[in-house]
Amino acid sequence: DERVMQLFGLVNMILKKDGRTRSSDLGISRYTVIPLSPNSGLISWVAHSDTFHHLTREYRNSRHIVLDKEHQDMLAICSDYDKLPLLQKVEVFTEAMSKSNSDDLARVLWLRSPNSEVWMLKRSNYTTSLAVMSMVGYILGLGDRHPSNLMLARHTGKVIHIDFGDCFEVAMKREKYPEKIPFRLTRMLINAMEVFGIDGTFRATCQKVMTVLREHRESLMAVLEAFIYDPLLNWRILNTNTNNTNANTTNTTTNTGTTSTTTSTTTVTTTININTTTNTNSGTNASNISSPTTEDDTLAFVTSSRSRSFSNANTNSVSSLSSKPVPSSVSALTADIGGGAADLDVVNQRALDILKRIKEKLCGRDWNPKEVLDVPSQVNNLILQATNVENLCQCYIGWCPFW
């Protein structure tokens, strides 16, 4: 989470300095994270905000509506929904959705506003903040965006994301219920937007943000490269195959499994698993890792990282990163688990795969490596993928795809 906050600080700085986004007051809400050890730390309380799940539950309870009404409707049609083939899932999912309009969040925004002027401001902030985080979350490969990981600020209406454990498309690589969507854009979120829905402020903001991110991809890649080669992340990446073959270990596992995610034109088959493990080696303490704490520090950090990471100006390949040495702390980690040169090669290859995937997104080559999409086409593809019923009906039921 602390590393992600650094990335968000850089994104906020970029959006504030670019003329196309400065006037719209675009940015990502952040909170303070202080790592204390490899498996503990402090996270600040996000005040004056409520999760989408809490808001929905509160609204439905006040009107005597069953919280999981849509799920109950699905089970009433077919009790073995999870065992159905895709076409039947789509039919059941669509039929259950037709029995409710899912305008809970839209009603909450209205009911929690003292007057129409405040309501319009909150609705605008909600739409733009959702768009910004949708694009940044897609670049980061952020998953697990269930209603309890999205919060709504009471006074401003801005969307606040929490829990960044599933980055680099880990949720798409799970063995069970892999996510097929790039970000959360369900009908409840769409209904809370302005009258034009997706095709209004949301789409325009997405295009502006993606344009700026693509133009500043070198700065973003410099920071993200530091994340990938972080000793703690390397430890998690290194244990991918170990956790697939040894289910009974003393480590605490949060996300495992492998799969592939298919888009309209190409199939992404890179596999990354992030596991939470316990390590007693004090040499990998997160507090020993130098990191920027402010946006100005982040700029200095990125500037120094640029010369290291982008000596080759070619933005269509990551060949310049292939010879990057593994940090010594990673060598210590592999030694702890009895690993050797082969494990270090795995770390390097996994890191390169992740960086290559992120770079393809920032170059518009995420759908077809041989074709560069313009920003409107890329955003349109992402929206279509996020709202596709075939993708939503395959999500884990706790993700609440019907909301």
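Residues numbered from 1 in each chain as written. Predicted model: local features only at pLDDT ≥ 70, side-chain atom pairs only at ≥ 80, totals over all residues. Heavy atoms only, no water.

S.K.: Explain the overall build of the protein to me, please; I cannot follow it from the model alone.
M.R.: Looking only at helices and strands, the protein features 17 helices and seven strands. A total of 403 residues make up the protein; the buried ones form 51% of that total. Residue pairs in contact within the protein that sit at least 24 positions apart in sequence constitute 75% of those at least 6 positions apart. (Helix = DSSP H or I, 4+ residues; strand = E, 2+ residues; numbered from the N terminus. Buried < 20%, exposed > 50% of the residue type's maximum accessible area, 1.4 Å probe, protein only. Contact = heavy atoms within 4.5 Å.)

S.K.: Would you explain the pairing of strand S1 (residues 33-37) in this entry?
M.R.: A regular strand places its side chains so that they alternate between the two faces of the sheet. Pairing geometry for S1 and strand S2 (residues 40-43), over four bridges, is antiparallel. Bridge pairing links Val 33 to Ile 43 in S2. As consecutive antiparallel partners, S1 and S2 are separated by two residues. (Pairing = 2+ DSSP bridges.)

S.K.: What is the right way to read unusual backbone geometry from this model?
M.R.: Most peptide bonds are trans, and most residues other than glycine sit at a negative phi. Its identity as a non-glycine residue notwithstanding, His 48 has a phi of 55 degrees, on the positive side. Turning to its location among the elements, His 48 is positioned in the loop between S2 and strand S3 (49-51). With a phi close to 60 degrees, Asp 163 is a non-glycine residue in the positive phi region. Counting through the fold element by element, Asp 163 comes out in the loop between strand S5 (159-161) and helix H8 (187-191). A relative accessible area of 35% means that Asp 163 is categorised as partly exposed.

S.K.: What should I look at first to understand the pattern of salt bridges in this one?
M.R.: Once their charged atoms are close, side chains differing in charge can pair, the charge on each being opposite to the other. Inspection of every chain in the model, using the stated rule, returns 16 salt bridges. A salt bridge links Glu 2 to Arg 3, with the nearest nitrogen and oxygen atoms 2.6 Å apart. A salt bridge links Glu 70 to Arg 60, with the nearest nitrogen and oxygen atoms 2.8 Å apart. One end of the pair, Glu 70, is in helix H4 (residues 69-77); the other, Arg 60, is in helix H3 (residues 52-62), and ten residues separate them in sequence. (Salt bridge = Lys/Arg side-chain N within 4 Å of Asp/Glu carboxyl O.)

From the geometry alone we can't say anything about function, so treat these as descriptive.
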